[in-house]
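Geometric and topological summary
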Amino acid sequence: MEQFLDSSICEDFRSAINATHIFSHDEHYKGNFSLYCAIMDRMDDSVKYLNAHSDLPKTETDFLVFIMYTCMVLDAIKELQRTLHFHNKYNDKTSDDTYIYFKNLCKESLKLEDDNCPTDEQFFQYFRSLAMAHPFETSRVKFLKKNKETQYSPWPIINDTLSREPLVGIRIYSNKVDDIKDLRFPFSLLKDYINSRFQLMRLATESIETIVNNQLEIWKSNKISDNSDPIETLKEISETLKIRFQKTYDIKDLTTTLTTKSTNPVNNDLIHKFKNNLISKIPNIVESVNNLDYNTMTSIIWDNLDVRPSDMHEMFHYQREKIFGSLSRYGTGDPWGIDQLHAFIRDFSHKWVVIDSEKMSNDEIILLVRTACYAEWNSQIHLNK
């Protein structure tokens, strides 16, 4: 069954917002980020309700709640148009598009002349006011101000049995006219009006995508320089990631590994080979960052920083997990990590490096654990050739 309001329009807007950190971090846009978050959540709930209650309401309460959720949808669209500045053809009061839905109703039921007819939006605000918002004093619409008329409504009209077509409306009292007036119109007409405004959310999504694409083009044009110093290159990558509102902890881990000094000369040769392999990957990292491909950047870093040899002893992965969980800069400092380090040294790493858990810094221990794994992996590669 086709939805009254296409929920994928809301999903597309949310995807466009969440595809980038621009709107949550950029000073030019982040002032509206909380507004957009509120709009997305309210729109999801409102559209869900309106779709579930798109048949003619059965009770006055059902109808008033339907109008309430409609108001949230329409107000959300107005806020998006106000902040994103997309073209809204319904804002031009000289255009026929502004009078598509309710002009004939105003002429026939309210006996208004063409030049005194409200726009569709003004009519809905008038109807909303009498139906639920200000049933005891509705007077601000232009055609009422002209005669200083105030209207009142004792109840909305639903389940009208006078017509084969499902009608809704309001009963109207006036301080200027003794006659009681019933304003009725097809429920389908109201739904068509709501949907026409809801469709404007597509333009909001297009505006978001335009902002993002323009910013991405700027970022793509700003290339990381070809620096012969790997540490300086990593610093530039880190600064570039910050400008693009990307996380930098992968680069920090790589930088820490490359800058950590060895305190035992016995380990120097293998450490040198491990670090050289990492340095050889920096041009690929630069290329991925220049291409805004941060997933590839992360994969390159961790495929080479966190090498996993195959066919290891039974507790290998558990021991590594506890060592890093305790000693890395994100670690907990849990003494169990040191116990597992001693087991790791005994079961495996002693054949490649010398680790002194009492004298070495956590960074050096982590470096040596990774170096031993790289040495084992490299040995296995050469054995299998």
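Residues numbered from 1 in each chain as written. Predicted model: local features only at pLDDT ≥ 70, side-chain atom pairs only at ≥ 80, totals over all residues. Heavy atoms only, no water.

Within the element layout of this structure, K145 appears in helix α7 (residues 142-145). Accessibility expressed as a relative area gives 53% for K145, which makes it exposed. Distance in space between the C-alpha atoms of K145 and F274 is 82 Å, their sequence separation being 129 residues. Each residue touching K145, except ones within four places of it in the same chain, is listed here: S139 and R140. (Helix = DSSP H or I, 4+ residues; strand = E, 2+ residues; numbered from the N terminus. Buried < 20%, exposed > 50% of the residue type's maximum accessible area, 1.4 Å probe, protein only. Contact = heavy atoms within 4.5 Å.)

Attention shifts here to the state of the cysteines. For the structure on display, the rule yields 0 disulfides. The thiol sulfur of C37 is not disulfide-bonded, and the nearest other cysteine sulfur, from C10, lies at 14 Å. With relative accessibility at 25%, the residue C37 sits in the partly exposed group. Note on C71: no disulfide assigned, nearest cysteine sulfur contributed by C10 at a separation of 16 Å. (Disulfide = S-S within 2.5 Å.)

With that settled, consider the pattern of salt bridges. One pass over the structure, following the stated rule, counts 16 salt bridges. For E79, the salt bridge goes to R82, with nearest N and O atoms at 2.6 Å. Of this pair, E79 and R82 both sit in helix α4 (residues 60-84), separated by 3 residues, roughly a single helical turn. The exposure class of R82 is partly exposed, given its relative accessible area of 49%. (Salt bridge = Lys/Arg side-chain N within 4 Å of Asp/Glu carboxyl O.)

Turning to the packing of aromatic side chains, a few remarks are in order. The geometry of an aromatic ring pair is captured by two quantities: the separation of the ring centres and the angle between the planes. Tallied over the entire structure, the rule returns 23 aromatic pairs. With a centroid separation of 6.0 Å and 55 degrees between ring planes, the pair formed by F123 and Y126 is classed as tilted. Separated by 3 residues within a single helix, F123 and Y126 lie in helix α6 (residues 120-133), roughly one turn from each other. Judged on exposure class, the residue F123 and its partner Y126 are both buried. Over the ring of F4 we find K191; its NZ or CZ atom is 5.2 Å from the centre of that ring. Lying over the aromatic face of Y90, R197 brings its terminal NZ or CZ to 3.7 Å of the ring centre. (Phe/Tyr/Trp six-rings, centres within 6.5 Å; stacked < 30°, edge-to-face > 60°. Lys NZ or Arg CZ within 6 Å of the ring centre and 35° of its normal.)

Put simply, the protein has an average pLDDT of 94, and 98% of its residues get 70 or more. Mean pLDDT across the secondary structure elements of the protein bottoms out at α7, with 88, and peaks at helix α3 (residues 33-52), with 98. (pLDDT = per-residue confidence, 0-100.)

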